[in-house]
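# Observations on chain architecture
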Amino acid sequence: MIRQDGLVVDRSSGFWGTRSLEKRSPAGDAKRCEDYNPALVHLQFTLAMILTRRFPKFSAPLAWLLLAVCLFLAGTGAPALAADEARPPEATLHYHFRPIVTFRTTVAGATPEYRVRRALSRIDALPPGAMNLAIEQTPFTVEGRRGINLHIGESALFNILEGDLDPEEKIALEELARRTADELGTALQAASAQRRPMVLLKGVGLSLLATAIALVLLWLIRRATAWMVGHFQQAIEAHPESSAFRWARHAWLLVQRVAQLLMGFLWLSVAYLWLTFVLARFPLTEPLGDRLSDFLFGLLDTLGSGIVSAIPALTTAIVILFMTKAFNDAIGNFFKAARAGRVQVPGLHPETVNATHRIVTIIVWGLGIAVAYPFIPMSDSDAFRGLSVMFGFMLTLGSAGIVNQLMSGLVLVYSRALSVGDFVDLGETVGVVSEVGALSTKIINMRNEEVTIPNAVLVGSPIKNYSRLAGARGTLVSTQVTIGYDTPWRQVHAMLIAAAEQTPGLRAIPKPFVYQRGLGDWYVEYELFAHMDKPLERVPVLSALHANIQDQFNTYGVQIMSPHFVMQPGNNVVVPREHWHAPPAAADVAPPQA
């Protein structure tokens, strides 16, 4: 410490002032560190030393001036610092898993954490005989603060001060001390009882009995789960064609996982109850068992209260959904009547009834769910909101292609370009339409292969529908031959029609007919048309028709070839009039009319 002209400088504490301030409090320098900012003190000390060396005559007045200025500046910043340092962190005293009291204030420099450690050391130092004695309470006053000392006989345990009171609890100091003494007495009695052999033997025996019962329950749960899964599997195998078990056959792995999750939940429940019971059998661990049981009953109480409070809203949501189902069923009956032809609605065609029904069903159920959603329990929770955001984000990212396919499917359906059972030509794919879905269309080609084509591809491609205009007459099938000019056309017509009449799969009515498609340089191009009922059998029927055509031409000695001349024949290539009606042509055959 340096004293010069009334200036007092203490380098060890970082404090400086006048002789009038030299008298210190019992707390010493610790108190001054709470009252003054260390950075400001350092600045004071540096300025004082410089001014004292440069201007020794004016050191005392300057010291008083600097002291006044620094005290003013310190008064503006010190309260916030003192307020922060005046509230040390709380510390709770636990003894054998039991909360005894929470310390919130500092006593003679002892923080709450230090007070907890000191109290535990004093409690652990108690002799076994003192644990069952009454805990005495002695009030006292220190530094103007009231307190109560808890002790057993001459053994002091700890103090409770007014600063330890919880401002929000609003209880008196005496009430806090009495409650603390009760909690500590219970903990000491439990520690004393834990040392008794009979208590330990009883706890161990009951724990072993509970362990045996828990193991039996776990075994029964496992056996019951295996029996249920096996019985369900046998039921599925016994009804392989039943539609009631169709979902289970496709989701058998999911069924097994659900059964395993159920078994795991039951196992965890048994283990939880077993642990709660075992911990409650020993005095030292009884608080842990009580916490587990309180948590379980609190959870059940919360769930029960939530279910009871949600019943009115849940009932409202169920009623709305039932009304939606009833309305949807009424609409379904209307569309069934329209599909059967009992109801005629302008713009609603048989090909578009199913698609319109599905769209209306989606709209009805969407409105019903939107109305019922606010009444669903927890619908306004953050979890539901998070799921809504997640599904919206997923729909935004993946809906571009799906919406395109859906819109293309609607274009196909409402344009009536094709329907199930139509025989169509889609460029590289020729076959019968087996399904027109929302996203794709399935075609069975001539090789009995199912071809799936996205609806967006079909919308951008030409579609030849051979069945749309067939009606009751069946689907047309045709084949072409080219015959030279030296063969009578009447004979060719008759042979082609006879071959068609002999081919199984072609209809006799309407009758087959032949057109002359063109007159080339070397031959006449003939095309035979016939009607058939089963477009899917087009390939075998055409094969049989070609075989019959060959037989007919061979029977009557007509070659199926297209002559090409290198030079002009010596005689004109014509059919004499007497050969115009060569067999099997009839005498009255006339060219077909369009």
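Above this text you will find the structure in question.
In this report, we go over the structure that sits alongside the text.

### Some points on the nonpolar core
Grouped together as the largest cluster of nonpolar side chains are 28 residues, with contacts concentrated most on Leu 93, Ile 123, Phe 158 and Leu 188. Those elements that provide at least two residues to this core are strand 4 (91–95), strand 5 (98–103), helix 4 (112–124), strand 7 (145–152), strand 8 (155–161) and helix 5 (173–193). Counting residues per element, this core draws most heavily on helix 5, at 8 residues. Aside from chain neighbours lying at most four places away, what touches Leu 93 is Arg 98, Pro 99, Ile 100, Val 101, Phe 103, Val 116, Ala 119, Leu 120, Ile 123 and Phe 158.

### Digging into helix 13 (residues 489–501)
For helix 13, which comprises 13 residues, the first-to-last C-alpha distance of 18 Å matches the rise-based estimate of 18 Å (1.5 Å per residue) to within 8%. Taken across its 13 residues, helix 13 has 10 buried, putting it largely inside the fold. All of the buried residues along helix 13 are Arg 490, Gln 491, Val 492, His 493, Ala 494, Met 495, Leu 496, Ala 498, Ala 499 and Ala 500.

### Considerations on the side chain of Asp 164
You can see Asp 164 is positioned in the loop between strand 8 and helix 5. The class for Asp 164 is buried, based on a relative accessible area of 0%.

### Here's the deal with unusual backbone geometry
The omega torsion across Ile 509 and Pro 510 is -5°, close enough to zero to call that bond cis. Its location among the elements puts Pro 510 in the loop between helix 13 and strand 15 (513–519). Positioned with a positive phi, Phe 97 is a non-glycine residue whose angle comes to about 70°. Relative to the assigned elements, Phe 97 resides in the loop between strand 4 and strand 5. Under the relative-accessibility criterion, Phe 97 is labelled partly exposed at 40%. One non-glycine residue, Lys 170, lies in the positive phi region at around 55°. Inspection of the secondary structure assignment puts Lys 170 in the loop between strand 8 and helix 5.

### Some thoughts on the sheet that holds strand 6 (residues 136–142)
Backbone hydrogen bonds hold the strands of a sheet together, and the pairing may be parallel or antiparallel. Read across the open sheet, the 3 strands follow the order 6-7-8; overall the sheet is antiparallel. Looking at the sheet topology across the chains shown, the edges are occupied by strand 6 and strand 8. Pairwise comparison of adjacent strand axes, ignoring direction, gives a mean angle of 30° for this sheet. In this structure, strand 6 lies alongside strand 7, joined through 7 bridges in antiparallel fashion. Each residue of the ladder has a partner; that of Glu 136, found in strand 7, is His 151. Packing against the sheet, helix 5 makes contact with strand 6, strand 7 and strand 8, and its axis sits at approximately 20° to strand 7.

### Quick look at the environment of Val 364
Positionally, Val 364 belongs in helix 10 (residues 353–372). Here Val 364 falls in the buried class, since its relative accessible area comes to 11%. Sequence separation between Val 364 and Asn 328 is 36 residues, and the spatial gap between their C-alpha atoms is 6.7 Å. Residues in contact with Val 364, not counting those within four places in the same chain, are Thr 324, Phe 327, Asn 328 and Ile 331.

### Structural notes on the sheet that holds strand 15
Reading across the sheet, the 3 strands line up as 14-16-15 and stay open at both edges, with antiparallel pairing between neighbours. Only two strands of the sheet have a single partner each, and these edge strands are strand 14 (475–484) and strand 15. Across the sheet, the mean angle from the axis of one strand to that of its neighbour is 25°, orientation sign disregarded. Pairing of strand 15 with strand 16 (residues 523–532), which is carried by 6 bridges, proceeds in the antiparallel orientation. Counted as the bridge partner of Phe 513 is Phe 529 from strand 16. Sitting on the sheet, helix 13 is in contact with strand 14, strand 15 and strand 16, with an inclination near 25° to strand 16.

### Observations concerning the pairing of strand 10 (residues 430–436)
Of the strand pairs in this sheet, strand 9 (residues 423–425) and strand 10 are connected by 3 bridges, and their pairing is antiparallel. Counterpart to Asp 425 in the pairing with strand 10 is Val 430. In this antiparallel pair of consecutive strands, strand 9 and strand 10, the connection spans 4 residues, and Gly 427 shows a positive phi of 90°. Looking at chain direction, strand 10 and strand 11 (residues 440–445) are connected through 5 bridges and run antiparallel. Opposite Val 433, over in strand 11, you have Ile 443 as the bridge partner.

Rules used in this analysis
- All chains use their own residue numbering, which begins from 1 and follows the written sequence.
- Under the rules for a predicted model, residues below a pLDDT of 70 receive no local features and side-chain atom pairs below 80 are neither given nor counted, while totals for whole chains, interfaces and linings still include all residues.
- Only hydrogens and water are set aside; all other atoms, that is, all heavy atoms of the structure, feed into the side-chain values.
- Among the buried residues, those of types Ala, Val, Leu, Ile, Met, Phe, Trp, Tyr and Cys that are joined through side-chain atoms within 4.5 Å form a nonpolar core.
- Buried residues are those whose accessible area, probed at 1.4 Å on protein chains only, stays under 20% of the maximum for their type, while exposed residues exceed 50% and partly exposed ones sit between those limits.
- A run of H or I in DSSP counts as a helix once it spans at least four residues, and a run of E counts as a strand once it spans at least two, with each numbered from the N terminus.
- Any pair of residues with heavy atoms lying within 4.5 Å of one another is described as a contacting pair.
- Expected helix span is taken as 1.5 Å per residue step, with the number of steps being one fewer than the number of residues.
- In this analysis, strands are considered paired if DSSP registers two or more bridges between them.
- Axis definition: a line fitted to C-alpha atoms, over the contacting stretch in the case of helices. Angles run 0 to 180 degrees between N-to-C directions.

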